[in-house]
Amino acid sequence: MTSSPDVIVIGAGVLGLCTAAELAERGHAVTVIDPGGPNASSVAAGMLAPALESLLEDLTPEQAGLLRRARDLWPAFAEANGLALHREGAEWRGPEAAAAASRLGDLGFEARVTSTGLFTSDDWRIDPAPSLAALARAPGVSLVKGRVARLAGDARRWRVEAEDGRTWFAPTLVLATGAAAAIAGLPRSVAVMVDAIQPIRGQLTHVAVEGPGRVLRAPGVYAAPAPGGVVIGATMELGRRDLDPDPEEAEARVAAGLALLGVEGEAGSTRVGIRGAVADGLPLAGASGQPGLFLALAPRRNGWLLGPMVARIVADGIEGGAPMADAAALDPLRFG
Ligand SMILES: Cc1cc2nc3c(=O)[nH]c(=O)nc-3n(C[C@H](O)[C@H](O)[C@H](O)COP(=O)(O)OP(=O)(O)OC[C@H]3O[C@@H](n4cnc5c(N)ncnc54)[C@H](O)[C@@H]3O)c2cc1C
């Protein structure tokens, strides 16, 4: 046994680390266990985009409202954790901009038609890699390197065993393992939920060009500011979890992205991440139905946007506090 935290979080993606930081700020001692290396969260573009996601995914007013409320948690969360929040807005350069702006207005977002499309001030952005690093350094969070191989729980506590035999115990466990398969020893009802998560492969490519300093989106492509240039993405490949970049796809999308930016440039590294999703596209956040076991999983293509909301719902559940209104929509047991 190496330590006795109050809470063990398995997985150091955006959901695991946001939840760990939220719990630590509330006074819990949190250990996060992760093997390290890239994950979907580090690969992501970091858009916090309730407006254009609602437009592109044709969301209902209720769904759009949930994304906007998730976005609204970001300023306080970023400030509490020392994360840089970029509130420069985003542009949509697609057909029928006037109709799109009107649709966004109906959904409660600010949008104005421009000479090239539309601009909304409602979509923001963070830089994934430095934000993950800052969350992992949050006071009260201790990140240990390891892959959890086996779990065992009784009425009092969870036993968490890494591949190399190290073992931890805690009364409360948060499963934030992304699109990974169920860990051995999970109660069957939870293993079934985890294994029902569908992988959605995504790849994007870094290009060292000067961009406009905000996200540009168009049908089938976006270019988002990133350290040293932009990232151009991204694919949505349902059912795939292979991690090798597809150079032909990257070349075509980079060409579309550069055309969108109106510049020339050489493609840099292509990165692949696997998003996890369930049927309604919303995360599984909160109590699992098993004592002391909570889920922070499956945020589909909006894990960064939804991170602070998932963290708050899971932390409220652990503390037994009154759930926020949006908790019901993310309840892991909502499918019955
Ligand atoms: C190309 C791309 C672009 C994207 N762009 C955006 C965007 O602009 N905005 C946005 O909001 N979202 C975006 N997303 C989606 C977002 O990245 C995901 O929704 C989010 O990262 C998922 O976070 P997670 O914490 O659930 O999973 P992950 O980031 O995958 O983290 C899970 C972690 O669990 C660890 N783990 C798994 N099994 C074990 C185990 N047994 N023991 C220990 N650790 C384990 C893994 O190693 C991993 O580190 C994008 C995704 C992709 C792929």
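Since this is a predicted model, take the numbers as computed values, not measurements. (Residues numbered from 1 in each chain as written. Predicted model: local features only at pLDDT ≥ 70, side-chain atom pairs only at ≥ 80, totals over all residues.)

**Q** Is there a simple way to explain the site of the ligand in this structure?
**A** Lining the immediate surroundings of the ligand are 41 residues, of which Gly11, Gly13, Gly178, Gly273 and Gly303 lie closest. Mapped onto the shell around the ligand, the elements with two or more residues apiece are α1 (14-25), β2 (30-34), α2 (40-43), β14 (198-207), β19 (267-277) and α10 (303-319). The class makeup of the residues in the shell around the ligand is 21 nonpolar, 15 polar and five charged. (Near = placed C-beta within 6 Å. Helix = DSSP H or I, 4+ residues; strand = E, 2+ residues; numbered from the N terminus. Nonpolar A, V, L, I, M, F, W, Y, C, P; charged D, E, K, R; others polar.)

**Q** Whenever I open this one, the pairing of strand β16 (residues 221-226) confuses me. Can you help?
**A** Every other side chain in a regular strand lies on the same face of the sheet, so the side chains alternate between the two faces. Counting buried residues in β16 gives six out of six residues, a clear majority hidden from the surface. Burial along β16 is two-sided: Val221, Ala223 and Pro225 facing one way and Tyr222, Ala224 and Ala226 facing the other are all buried. The pairing of strand β15 (residues 215-218) with β16 spans three bridges and is classified as antiparallel. Bridge pairing links Arg217 to Tyr222 in β16. What sits between β15 and β16 in their antiparallel hairpin is a turn of two residues, with Gly220 showing a positive phi close to 80 degrees. As paired strands, β16 and strand β17 (residues 229-233) are joined by five bridges and run antiparallel to one another. Of the residues in β17, the one forming a bridge with Pro225 is Val230. Here β16 folds back onto β17, and the loop between the two strands holds two residues, one of which, Gly228, carries a positive phi near 80 degrees. (Buried ≥ 20, exposed ≤ 12 C-beta atoms within 10 Å, placed from the backbone. Pairing = 2+ DSSP bridges.)

**Q** Looking at this structure, how should I read the sheet that holds strand β20 (residues 284-287)?
**A** Hydrogen bonds between backbone groups are what pair the strands of a sheet, and the pairing can be parallel or antiparallel. Strand order in the open sheet formed by six strands is β9-β2-β1-β13-β21-β20, and the pairing between neighbours is mixed. Every interior strand has two partners, whereas the edge strands, β9 (141-145) and β20, have only one. Ignoring strand direction, the axes of neighbouring strands in this sheet form an average angle of 20 degrees. Pairing analysis gives three bridges linking strand β13 (residues 172-175) to strand β21 (residues 293-297), with the strands arranged parallel. Across the sheet, Leu173 pairs through a bridge with Leu293, a residue of β21. (Axes fitted to C-alpha atoms, helices over the stretch in contact; angles between N-to-C directions.)

**Q** What exactly am I supposed to notice about α1 here?
**A** Residue pairs three or four apart in sequence face the same way in an α-helix, which turns once every 3.6 residues. If you check α1, its first and last C-alpha atoms are 16 Å apart, about what twelve residues at 1.5 Å a residue would give, namely 16 Å. Burial analysis of α1 places eleven of its twelve residues in the buried class, which makes it a mostly covered element. Buried within α1 we find Val14, Leu15, Gly16, Leu17, Cys18, Thr19, Ala20, Ala21, Glu22, Leu23 and Ala24. Phi turns positive one or two residues past the end of α1, at Gly27, with a value near 100 degrees. (Expected span 1.5 Å × (residues − 1).)

**Q** What is the right way to look at the packing of α1 against α10 in this model?
**A** The packing of two helices is summarised by the inter-axis angle and the distance between the axes. Packing of α1 against α10 leaves a shortest axis separation of 8 Å and a crossing angle of 45 degrees. Of the possible angle classes, the one that applies to α1 and α10 is oblique. Between α1 and α10 the crossing geometry is right-handed. For the pair α1 and α10, contact is made by Val14, Leu15, Cys18, Thr19, Ala21, Glu22 and Leu23 and by Gly303, Trp304, Gly307, Pro308, Val310, Ala311, Arg312, Val314, Ala315 and Ile318, respectively. Looking at the contact of α1 with α10, its residues break down into twelve nonpolar, three polar and two charged. (Parallel < 35°, antiparallel > 145°, perpendicular 65-115°, else oblique. Left-handed = near helix turned anticlockwise from the far one by under 90°. Contact = placed C-beta atoms within 7 Å.)

**Q** Before we go on, may I ask you to explain unusual backbone geometry in this structure?
**A** Trans is the common state for peptide bonds, and a negative phi is the common state for residues other than glycine. Cis peptide bonds are those with omega within 30 degrees of zero, and the linkage from Gly233 to Ala234 qualifies with -15 degrees. Structurally, the position occupied by Ala234 is in the loop between β17 and β18 (237-238). Despite not being glycine, Asp58 shows a phi value in the positive range, around 50 degrees. Along the chain, Asp58 turns up in the loop between α3 (50-56) and α4 (61-72). Despite not being glycine, Ala298 shows a phi value in the positive range, around 65 degrees. Position of Ala298 relative to the elements: it lies in the loop between β21 and α10.

**Q** Looking at this structure, how should I read helix α6 (residues 97-106)?
**A** If you check which residues of α6 are buried, you get Ala97, Ala100, Ala101 and Leu104. Looking straight down α6, one finds its buried side chains confined to an arc of 100 degrees; they lie on one side. Residues Ala98, Ala99 and Asp106 are exposed on α6 and point more than 90 degrees away from its buried face. Close packing links the buried residues of α6 with α3, β5 (90-92), β6 (112-113) and β7 (118-120). Where α6 ends, the next residue or the one after it, Gly108, has phi of about 95 degrees, a positive value. (Arc of directions from axis to C-beta.)

**Q** Just to check I follow, could you spell out the pairing of β13 for this structure?
**A** Residues of β13 alternate between two faces, with Thr172 and Val174 on one and Leu173 and Leu175 on the opposite face, all of them buried. As judged from the four bridges shared by strand β1 (residues 7-10) and β13, these two strands associate in the parallel manner. Opposite Val7, over in β13, you have Thr172 as the bridge partner.

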